[in-house]
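Residues per chain, in single letters:
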Amino acid sequence: HPARDSQDTFWVTDTKVLRTHTSNIQVRAMREYGAPLRAISAGRVFRNERTDASHEISFHQMEGIVIDKNINVANMLKIVEYLLEEIFQKKIVYRIRPGFFPFVEPGFELDIECTLCKGSGCSVCKQTGWVETLPCGLVHPEVLKHGNIDTLKYSGFAFGLGLDRLVMMKHKITDIRLLYSGDLRFLKQF
């Protein structure tokens, strides 16, 4: 689903845009594989936005979807908590707050405590101590219907995350733009 707002979309022509999300793969997976379903989709995406220490115009996105009987918010939180602990190899301090995403209801923003400043505030976390990491929510029944999933029998959750921002937090990189700088001295550290 390309974003409809011209502020965050790169229009190539009047009718073509660069991919802004990997979410469109989810409904294709539902239609092809049905339910129950566990799927991961990943790819490079493009956003027309101002770059700063934690935002770049192109980044790598990964999304996950789980559809099965009796899926709820507790299932979602346990899976994303496990995912973060496996990536960082330790317990991660996180918070969850309401967020609007048109394909989930309810929708949430999952923020992790900034690993660079340990929550005290820096340019990466915009002085808040938190870094937006993982938008998530329960898959809206209309989305399930479009994926030919029986909404009386199945429910699900979905999440997305920017892999580049995760790399920043894991390796304490102070500016996301360094990942795309082409500076071999920087890249050879990893």
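Located above this text is the structure these notes cover.
Residues numbered from 1 in each chain as written. Predicted model: local features only at pLDDT ≥ 70, side-chain atom pairs only at ≥ 80, totals over all residues. Heavy atoms only, no water.

1. A look at the overall build of the chain
Here is step 1 of the chain: Counting secondary structure elements, the chain contains 5 helices and 6 strands.
Here is step 2 of the chain: Expected size for 190 residues packed as a compact globule is a radius of gyration near 16 Å; at 17 Å, the chain falls within 12% of this value.
Here is step 3 of the chain: Overall, the chain is about 50 × 45 × 30 Å in size when its C-alpha atoms are taken along their principal axes.
Here is step 4 of the chain: When contacts within the chain are restricted to residue pairs at least 6 apart in sequence, those whose partners lie at least 24 apart make up 58%.
Here is step 5 of the chain: Surface exposure of the chain reaches about 10,900 Å², of which carbon and sulfur atoms provide 54%. (Helix = DSSP H or I, 4+ residues; strand = E, 2+ residues; numbered from the N terminus. Rg over C-alpha atoms; globule rule 2.2 N^0.38 Å. Contact = heavy atoms within 4.5 Å. Areas by Shrake-Rupley, 256 points an atom, 1.4 Å probe, with all protein chains shown as cover.)

2. Considerations on the nonpolar core
Here is step 1 of the chain: One finds Leu84, Leu134, Phe159 and Met169 to be the most contacted residues of the largest nonpolar core, which totals 30 residues.
Here is step 2 of the chain: Beyond its immediate sequence surroundings of up to four residues, methionine 169 is in contact with Phe88, Ile112, Cys114, Thr115, Leu116, Val124 and Val131. (Core = buried A, V, L, I, M, F, W, Y, C linked by side-chain atoms within 4.5 Å. Buried < 20%, exposed > 50% of the residue type's maximum accessible area, 1.4 Å probe, protein only.)

3. Considerations on the pairing of strand β6 (residues 155-162)
Here is step 1 of the chain: Burial runs high along β6: 7 of the 8 residues are buried.
Here is step 2 of the chain: Pairing of strand β5 (residues 130-139) with β6 involves 3 bridges; the strand directions are antiparallel. Note on β6: the bridge partner recorded for leucine 138 is phenylalanine 157. (Pairing = 2+ DSSP bridges.)

4. Points about the packing of helix α2 (residues 73-88) against helix α4 (residues 163-171)
Here is step 1 of the chain: Viewed as axis vectors pointing N to C, α2 and α4 meet at an angle of 55 degrees, and their least axial separation amounts to 10 Å. Considering their axes alone, α2 and α4 lie oblique with respect to each other. For the crossing formed where α2 meets α4, the hand is right-handed. Within the contact between the two elements, α2 uses Leu84, Ile87 and Phe88 and α4 uses Leu166, Met169 and Lys170.
Here is step 2 of the chain: In terms of residue class, the contact of α2 with α4 is made up of 5 nonpolar, no polar and 1 charged. (Axes fitted to C-alpha atoms, helices over the stretch in contact; angles between N-to-C directions. Parallel < 35°, antiparallel > 145°, perpendicular 65-115°, else oblique. Left-handed = near helix turned anticlockwise from the far one by under 90°. Nonpolar A, V, L, I, M, F, W, Y, C, P; charged D, E, K, R; others polar.)

5. Thoughts on the side chain of aspartate 164
Here is step 1 of the chain: Inspection of the secondary structure assignment puts aspartate 164 in helix α4.
Here is step 2 of the chain: Buried and unpaired, aspartate 164 has no salt bridge, with arginine 44 as the nearest side chain of opposite charge at 7.4 Å.
Here is step 3 of the chain: Beyond its immediate sequence surroundings of up to four residues, aspartate 164 is in contact with Phe59, His60, Ile176, Leu179 and Tyr180. (Lys, Arg positive; Asp, Glu negative; His and termini not counted. Salt bridge = Lys/Arg side-chain N within 4 Å of Asp/Glu carboxyl O.)

6. Details of α4
Here is step 1 of the chain: All buried positions along α4 are accounted for by Asp164, Arg165, Leu166, Met168 and Met169.
Here is step 2 of the chain: Considering only its buried residues, α4 is in contact with β2 (58-68), α2, β4 (104-113), β5 and β6.
Here is step 3 of the chain: Lysine 172 lies just past α4 and shows a positive phi near 55 degrees.

7. Quick notes on the environment of cysteine 117
Here is step 1 of the chain: On the secondary structure map, cysteine 117 appears in the loop between β4 and β5.
Here is step 2 of the chain: For the pair cysteine 117 and serine 54, spaced 63 residues apart in the sequence, the C-alpha separation amounts to 14 Å.

8. Digging into the pattern of salt bridges
Where charged atoms of side chains with opposite charge meet at close range, the side chains can pair.
Here is step 1 of the chain: Per the stated rule, a full pass over the model turns up 9 salt bridges.
Here is step 2 of the chain: Of the charged contacts, one joins aspartate 68 and arginine 38 as a salt bridge, the two residues approaching to 3.0 Å between their closest N and O atoms. Residue aspartate 68 is located in strand β2, and its partner arginine 38 is located in strand β1 (residues 37-46); the two are separated by 30 residues in the primary sequence.
Here is step 3 of the chain: Several salt bridges share partner residues, and in doing so they unite Arg95, Arg97, Asp111 and Glu132 into one network.

9. As for the sheet that holds β6
Here is step 1 of the chain: On the basis of which strands lie adjacent, the open sheet formed by 6 strands has the order β1-β2-β6-β5-β4-β3 and antiparallel pairing. Where the open sheet ends on each side, the last strands, each with one partner, are β1 and β3 (94-98). On average, each strand axis in the sheet is inclined to that of its neighbour by 20 degrees, with strand direction left out of account.
Here is step 2 of the chain: Here α2 sits on the sheet in contact with β2, β3, β4, β5 and β6, set at roughly 30 degrees to β4.

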